[in-house]
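# Working through the structure, step by step
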Amino acid sequence: MAYSIARCREIKERVDDIGIFETAMEYGISAESVKRALRYLKAETSIPTPMERCKLNGGRNVLVIGDLHCPFDLNGYLDFCSDMYMKHACDTVVFIGDVIDSHYSSYHETDPDGMGADDELQSAIIRLAPYYKAFPEAHVTIGNHDRMVFRKSMSSGVPKRWIKSYAEVLETPNWIFTDFVDIDNVCYIHGENGTARSRSLLEMTSIVQGHLHTEMYTHWSFGKNRSVFGMQVGCGIDAQSYAMGYCKHAKKPAIGCGIILKGETAINEVMSL
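These lines cover the structure that appears in this document, whether it is placed above or below.

Here is what the cut-offs are and how they apply
Residues numbered from 1 in each chain as written. Predicted model: local features only at pLDDT ≥ 70, side-chain atom pairs only at ≥ 80, totals over all residues. Heavy atoms only, no water. Core = buried A, V, L, I, M, F, W, Y, C linked by side-chain atoms within 4.5 Å. Buried < 20%, exposed > 50% of the residue type's maximum accessible area, 1.4 Å probe, protein only. Helix = DSSP H or I, 4+ residues; strand = E, 2+ residues; numbered from the N terminus. Contact = heavy atoms within 4.5 Å. 1 Å grid on protein atoms, 1.4 Å probe; cavity = no way out; pocket = protein on both sides within 12 Å on 5 of 7 lines; lining within 4 Å. Points joined across faces, edges and corners; volume = space filled by probe spheres on them. Nonpolar A, V, L, I, M, F, W, Y, C, P; charged D, E, K, R; others polar. Pairing = 2+ DSSP bridges. Axes fitted to C-alpha atoms, helices over the stretch in contact; angles between N-to-C directions. Phe/Tyr/Trp six-rings, centres within 6.5 Å; stacked < 30°, edge-to-face > 60°. Lys NZ or Arg CZ within 6 Å of the ring centre and 35° of its normal. Right-handed = clockwise from strand over helix to strand, strands pointing away.

Core analysis: the biggest nonpolar cluster contains 38 residues, and Leu63, Tyr77 and Phe95 have the highest contact counts within it. Looking at this core, the elements with two or more residues in it are strand S2 (61-65), helix H5 (77-87), strand S3 (92-95), helix H6 (117-134), strand S4 (138-141), helix H8 (166-170), strand S5 (175-178) and strand S11 (256-261). Contact partners of Leu63, with chain neighbours within four places excluded, come to Cys81, Met84, Tyr85, Cys90, Thr92, Val93, Val94, Phe135, Cys257, Gly258 and Ile259. Counting 16 residues, the second-largest nonpolar core is a separate cluster that includes Leu56, Val181, Val233 and Ile260.

Take a look at the structure:
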């Protein structure tokens, strides 16, 4: 049975998500037909590796959207990010991680009066939909809240093939979920291990990260032959939501986004509240 390259790509994506035999059952074909489609695709086209998919060049203007923690994101934050995208003539978008909160599944105390698992997930999908409509192609660096359910599946001994992909669950098929993305020699990560300032100095490479809701800055460091920066982009959370109750007595969040122009100019944009 012959398939188009597009069909073979579709089959490969399902194999990556659920495995060969499950894909065969889903498509109503034999496992050998699935394997044949994979061989054909490998022979006819070059399939980018995850590393290649997450390395972009070309002098891009990047909008970096801070932690959202949907459905607990701040009203008006999307409009602000869209305005910054236009203001700086951006052509690339990175969500810096924690696009969802998963409060119901937290390893810490949860609000007994809060939403249950299905209701919170559905609300998060609804809140994410306008972001996907505004920015249908984007990279998402996976944050600790994004991977919460994956972590619990691992501790419960559930194999990966039982779990849907982030893009499938959140109904964002064109978003690329990744641990990091490198654009014009600037590394974008969620940032769970230290600050952007310390990591850029340690690795002597420019770093953009989120995770720290109360931090927004760009710190430059200069060596003998090169200069690098560490940027904390701030966030877009609603600090008044019950899911953010754990930090209600801390500093107020830094609401804003990051702009990186051609890998050389770093700008923190602060949202007026």
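Right, let's get into empty space enclosed by the protein. Gaps between atoms show up when a probe of the same size as a water molecule is rolled over them. Scanning the model with the defined rule gives 1 cavity of 30 Å³ or more in all. Taken as a whole, the largest cavity spans an internal volume of roughly 40 Å³. The wall of the largest cavity is formed by Cys70, Pro71, Ile100, Asp101, Ser102, Tyr104, Glu120, Leu121 and Ala124. Residue composition of the lining of the largest cavity, by class: 6 nonpolar, 1 polar and 2 charged.

When its volume is computed, the second largest pocket comes out at roughly 380 Å³. Taken together, 20 residues make up the lining of the second largest pocket; nearest its centre are Ser106, His108, His145, Ala243 and Tyr246. Among the residues forming the lining of the second largest pocket, the class breakdown is 5 nonpolar, 10 polar and 5 charged.

Taken in spatial order, the 6 strands make up an open sheet running S1-S6-S7-S8-S10-S9, and their pairing is mixed. Only two strands of the sheet have a single partner each, and these edge strands are strand S1 (55-56) and strand S9 (216-222). Across the sheet, helix H9 (residues 196-203) touches strand S7 (186-189), strand S8 (206-209), S9 and strand S10 (227-233), and the angle it forms with S10 is around 155°.

For Asn57, the position within the fold is in the loop between S1 and S2. Take Asn57: its relative accessible area is 44%, and that puts it in the partly exposed class. Each residue touching Asn57, except ones within four places of it in the same chain, is listed here: Asp184 and Asn185.

With that settled, consider the packing of aromatic side chains. In the structure shown here, the tally under the stated rule is 12 aromatic pairs. On the basis of an interplanar angle of 70° and a centroid distance of 6.5 Å, the ring pair of Phe95 and Phe135 is categorised as edge-to-face. One end of the pair, Phe95, is in strand S3; the other, Phe135, is in the loop between H6 and S4, and 40 residues separate them in sequence. Phe95 sits in the buried class, given a relative accessible area of 0%. Ring centres of Trp220 and Phe229 lie 5.0 Å apart, and the angle between their planes is 55°; this geometry places the pair in the tilted category. Overall, the relative accessible area of 1% leaves Phe229 in the buried class. Members of the aromatic cluster, joined through ring pairs, are Tyr85, Phe95, Tyr131, Tyr132, Phe135, Phe150, Tyr166, Trp175 and Phe177. Cation over ring: Arg197 sits above Tyr217, and NZ or CZ is 4.2 Å from the ring centre.

A word on the pairing of S8. Judged by which residues are buried, S8 turns out to be covered on both faces: Ser206 and Val208 on one side and Ile207 and Gln209 on the other are all buried. Pairing analysis gives 4 bridges linking S7 to S8, with the strands arranged parallel. Considered in S8, the bridge of Tyr188 is made with Val208. Where the polypeptide runs from S7 across H9 and back to S8, its parallel neighbour, the crossover connection is right-handed. Relative to S10, S8 runs parallel, the two sharing 3 bridges.

Turning our eyes to something else, we now look at unusual backbone geometry. Look at the link from Cys70 to Pro71: it is a cis peptide, with omega at 10°. Topologically, Pro71 is positioned in the loop between S2 and H5. One non-glycine residue, Ala89, adopts positive backbone phi at about 50°. You can see Ala89 is positioned in the loop between H5 and S3. We classify Ala89 as exposed; its relative accessible area is 52%. Not every positive phi belongs to a glycine, and His211 is a case in point at roughly 75°. With respect to the element layout, His211 can be found in the loop between S8 and S9. Accessibility expressed as a relative area gives 24% for His211, which makes it partly exposed.

From the geometry alone we can't say anything about function, so treat these as descriptive.
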